[in-house]
Amino acid sequence: MSLITRTSLLKPLAQIAAATLLMSASLQALAAPVELKFSHVVAENTPKGQMALKFKSLVEERLPGEYVVSVYPNSQLFGDNNELSALLLDDVQFVAPSLSKFERYTKKLQLFDLPFLFEDMDAVNRFQQSESGQKLLRSMKRKGILGLGYLHNGMKQFSASTPLVLPEDAQGKKFRIMASDVLAAQFQAVDAIPVKKPFSEVFTLLQTRAIDGQENTWSNIYSKKFYEVQSHITESNHGLLDYMVVTSNSFWQALPSDKRDVIKASLDEAIAYGNDIAAAKVNKDRQAILDSKRSKLVALTAEQRQQWVAAMKPVWSKFEAKIGKDMIKAAEASNRQ
Ligand code: LMR
């Protein structure tokens, strides 16, 4: 065969091979699952950490090959200071900040930070499932953020490097708080110094004694080992640490409606699962901390606790106008059912 004939035969073969390669590459690209990112700041062995992993497994089981969920715990991807702006930029599709961290987007959720508002988690549930509670899920819609559901952690306790029995024991002490003006006012009400810091910095701040104390749930105190660097924990149950699972409105509306339904149903189930874990962890993580003997428990008598209530509750009136009196009333009413 002449050289010319051989080259003229090879050319179409090479073209076919190239076309096949191109086709399979674009088919692969077509079939690549869509990645949904879920970022959070806590450890995996927490209600939020477990809820996110459950959500991942449900979505991937129900929409196999179509969607994958990548979960980033421990502020690995985004922390308190940037997770909501990242959501609006579509760099992450789901986050679940504590209700104390939305102040830049709405003042309505300040409700949940009012000290001594809810008597227990049943009251929190009743309020959140009520019309008023459900309305708050849409309170940031105009800012592009959509609430998909509430997730629990639990009631907060005070921890410190000295025992806090009465409000005056907090005087002059520095407490890390989440970025919330209500929480700042709560500590100022007992002449303490609130310091707004991201969650990822709390352990080091406590360990180096840059601050004296903080407030958090048994689950966070345990999973982030705060109890190893705080000598006392006051069982105050003075406030709530709860989350809103949020997405961006534009991302959510752009999802095909049948896929959105599956993703929402998976999230609802994952939240129910996370809430069961939250309820179990209150006693479990509390007990693990007590068993460690690293921190001493300060149990308050009814009279001692009443002094904290008397000192902190006046804070409500400062925020009433922005939160709305009706909202506060509705939340209070959930205690008496
Ligand atoms: C905190 O910052 O203390 C908590 O909101 C962390 C969390 O997400 O539970």
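Look a little higher up for the structure.
Rules used throughout
- Residues numbered from 1 in each chain as written.
- Predicted model: local features only at pLDDT ≥ 70, side-chain atom pairs only at ≥ 80, totals over all residues.
- Heavy atoms only, no water.
- Buried < 20%, exposed > 50% of the residue type's maximum accessible area, 1.4 Å probe, protein only.
- Helix = DSSP H or I, 4+ residues; strand = E, 2+ residues; numbered from the N terminus.
- Arc of directions from axis to C-beta.
- Near = heavy atom within 4 Å.
- Polar contact = N/O pair within 3.5 Å; in protein donor to acceptor, adjacent residues only side chain to side chain.
- Areas by Shrake-Rupley, 256 points an atom, 1.4 Å probe, with all protein chains shown as cover.
- Nonpolar A, V, L, I, M, F, W, Y, C, P; charged D, E, K, R; others polar.
- Contact = heavy atoms within 4.5 Å.

1. Quick word on helix α11 (residues 302-312)
Residues of α11 that are buried include every one of Trp-308, Val-309 and Met-312, and no others. One face of α11 carries all of its buried residues, which in axial projection span an arc of 100°. The exposed residues of α11 that point more than 90 degrees off its buried face are Glu-303 and Ala-310.

2. A closer look at the site of the ligand
The ligand sits among Val-41, Val-42, Lys-48, Ser-98, Lys-101, Arg-176, Met-178, Phe-199, Asn-216, Asn-220, Leu-241 and Tyr-243. One nitrogen or oxygen atom from the side chain of Arg-176 is found 2.7 Å from an oxygen atom belonging to the ligand. Protein coverage of the free-state accessible area of the ligand, which is 270 Å², stands at 100%. Among the residues making up the shell around the ligand, the classes are represented as six nonpolar, three polar and three charged.

3. Here we look at helix α4 (residues 121-129)
Three- or four-residue spacings in an α-helix give side chains the same orientation, since the helix completes a turn every 3.6 residues. When α4 is considered as a whole, its buried residues turn out to be Ala-123, Val-124, Phe-127 and Gln-128. In an axial view of α4, the angular spread of the buried residues amounts to 130°, which keeps them on one side of the axis. In α4, the exposed positions angled more than 90 degrees off the buried face are occupied by Asp-122 and Gln-129. Buried positions along α4 lie against α5 (131-136), β4 (145-160), β8 (232-248) and α13 (325-333). The N-cap residue of α4 is Asp-120: its side-chain oxygen and the backbone nitrogen of Asp-122 are 3.3 Å apart.

4. What about unusual backbone geometry?
Even without being a glycine, Asp-90 presents a positive backbone phi close to 65°. Note on placement: Asp-90 falls in the loop between α3 (83-88) and β3 (94-95). By relative accessible area, which is 41% here, Asp-90 ends up partly exposed. Positioned with a positive phi, Arg-209 is a non-glycine residue whose angle comes to about 60°. Within the secondary structure layout, Arg-209 lies in the loop between α7 (202-207) and β7 (213-216).

All quantities given are derived from atomic positions and should not be read as evidence of function.
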